[in-house]
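In case you want the letters, here they are:
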Amino acid sequence: MASARTPDEPLIGELLEEGRRRLAGAGLARREAALLLAHRRGTGEAQHLARDREPAGTHHAARYREWTARRAAGEPAAYLFGEREFYGRPFSVDRRVLVPRPETELLVETALSLPLPARPRLLDLGTGSGCLAVTLALELPEARVLATDRSTGALAVARGNARRHGVGDRIHLLAADLATGLATGLAGGGFDLVVTNPPYVDPGERDALPATVRDFEPPAALFAPGHGLSVWLRLLAEVGPAMSPRAWLTGEIGCGQLPALAAAAERSALALEGVRDDLAGIPRVVVLRRRA
Ligand SMILES: C[S@@+](CC[C@H](N)C(=O)[O-])C[C@H]1O[C@@H](n2cnc3c(N)ncnc32)[C@H](O)[C@@H]1O
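A quick note: this is a predicted structure, and the numbers were derived from the prediction, not measured. (Residues numbered from 1 in each chain as written. Predicted model: local features only at pLDDT ≥ 70, side-chain atom pairs only at ≥ 80, totals over all residues.)

Peer 1: For this particular structure, what's the right way to read the pairing of strand β5 (residues 171-175)?
Peer 2: Successive residues of a regular strand alternate their side chains across the two faces of the sheet. Inspection of the sheet shows strand β4 (residues 144-149) paired to β5 by 5 bridges, in the parallel sense. In the sheet register, Leu 146 faces β5, and the bridge partner there is His 172. The parallel pair β4 and β5 is bridged by helix α8 (residues 152-164), and the resulting crossover is right-handed. (Pairing = 2+ DSSP bridges. Helix = DSSP H or I, 4+ residues; strand = E, 2+ residues; numbered from the N terminus. Right-handed = clockwise from strand over helix to strand, strands pointing away.)

Peer 1: For this particular structure, what's the right way to read the site of the ligand?
Peer 2: Not every one of the 23 residues close to the ligand is listed here, only the nearest: Gly 126, Gly 128, Arg 150, Asn 197 and Ala 221. For the shell around the ligand, the elements supplying multiple residues, two or more each, are α7 (131-139), β4 and α10 (219-222). Among the residues making up the shell around the ligand, the classes are represented as 12 nonpolar, 8 polar and 3 charged. (Near = placed C-beta within 6 Å. Nonpolar A, V, L, I, M, F, W, Y, C, P; charged D, E, K, R; others polar.)

Peer 1: Honestly, unusual backbone geometry in this entry has me stumped. Any pointers?
Peer 2: Keep in mind that most residues, glycine aside, have a negative phi and that most peptide bonds are trans. Even without a glycine there, the phi angle at Tyr 87 is positive, about 50°. Here Arg 246, not a glycine, exhibits a phi torsion of approximately 70°, which is positive. For Arg 246, the position within the fold is in strand β7 (residues 243-252). Its 10 C-beta neighbours within 10 Å are what place Arg 246 among the exposed residues. (Buried ≥ 20, exposed ≤ 12 C-beta atoms within 10 Å, placed from the backbone.)

Peer 1: Would you take a moment to explain the domain arrangement of the protein chain for this structure?
Peer 2: By a widely used convention, the size of an interface equals the accessible area lost when the partners come together. Each assigned domain of the protein chain is listed here: domain 1 (12-73) and domain 2 (82-290). Taken over C-alpha atoms, the centre of domain 1 sits 36 Å from the centre of domain 2. (Domains from an automatic or database assignment.)

Peer 1: Help me understand helix α11 (residues 230-238) in this model?
Peer 2: Given 3.6 residues to a turn, an α-helix orients residues that are three or four positions apart in the same direction. Inspection of α11 places Val 231, Trp 232, Leu 235 and Leu 236 among the buried residues, and these make up the whole buried set. Looking straight down α11, one finds that the buried residues subtend no more than 135° of arc, so they occupy a single side. Elements in contact with the buried residues of α11: β3 (121-125), β6 (191-196), α12 (258-266) and β8 (270-277). (Arc of directions from axis to C-beta. Contact = placed C-beta atoms within 7 Å.)

Peer 1: Please clarify how the sheet that holds β4 should be interpreted in this entry.
Peer 2: Two orientations exist for strands paired in a sheet by backbone hydrogen bonds: parallel and antiparallel. The strand order across the open sheet built from 7 strands is β5-β4-β3-β6-β7-β9-β8, with neighbouring strands paired in mixed fashion. In this open sheet, the two edge strands, each paired with only one partner strand, are β5 and β8. Within this sheet the neighbouring strands show an average axis-to-axis angle of 20°, counted without direction. Bridge analysis of β7 against strand β9 (residues 283-290) gives 5 bridges, and the strand direction is antiparallel. Along β9, the bridge assignment pairs Leu 249 with Leu 288. (Axes fitted to C-alpha atoms, helices over the stretch in contact; angles between N-to-C directions.)

Peer 1: I tried to follow the pairing of β3 on my own but got confused; where do I start?
Peer 2: For β3, a buried count of 5 out of 5 residues is recorded, marking the element as mostly surrounded by other parts of the structure. Residue alternation in β3 divides its side chains into two sets, Arg 121, Leu 123 and Leu 125 and Leu 122 and Asp 124, and both sets are buried. Taken together, β3, α7 and β4 form a β-α-β motif whose crossover is right-handed. Relative to β6, β3 runs parallel, the two sharing 4 bridges. Among the inter-strand pairings, Leu 125 is bridged to a residue of β6, identified as Thr 196.

Below, the structure is given as structure tokens:
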């Protein structure tokens, strides 16, 4: 039974219409208003239609208005919800980490297609939310994973996701600057597979990025000087000693970066063995192998 409506409490239909107007005014799809409300109330979108004459609840209404205001200001919906799905599983996210992207699922598929030893040692460089490390730990139950990031905030988010998915005991998290110190010491080197989705956006393209990315996601997760390639070039030059002979590295690259990456690989300890295109036909994932 619906509870009595307080004087300043909107009906569900009124709240939804208010949200639609606000988002449309910010150039966003009106449909997002229903999505936000469904998330806020923990219901399906269709229920709003059937229940549009019911009181929305003052608490839900206040939070919903806050969400639509933040969304209208460009904040990614994933930060509002505190969550984004990746490879079929929910990952907690906040402004300390990049929101996992659908195209990065191609990196998981590529990693899973590689021939690995029965109990592989995996290294995820620049783990962010931990979406790659956690997914690979779940898909490869015998794997042990080292996940690194330079951002301690990101490592805290990744730790939460590793625990959330029950793989906290198989993922070791470490603050590190790319591969520095990973060939020896506690990290121990000898990795059979390295996965990485490093920052690869040219800082010169900052103004061309959607505001939702540019103004909200961590700059350290997005930008790399030198036309977006500086982190990749360092990685190619430095990661070899942390890998087993003939071990694999697969990683994500930006649009148009393949020729420069291939040239840099020629001069490195790794050989370029393959490239996979994303759904838009853009070379997106590279596969490299340590020469010996
Ligand atoms: C593009 S995000 C990728 C996050 C996650 N792996 C994903 O695919 O969604 C890149 C990550 O690399 C980290 N990073 C940037 N430069 C780094 C460096 N020099 N050493 C280690 N991590 C770095 C950033 O903090 C960020 O979390």
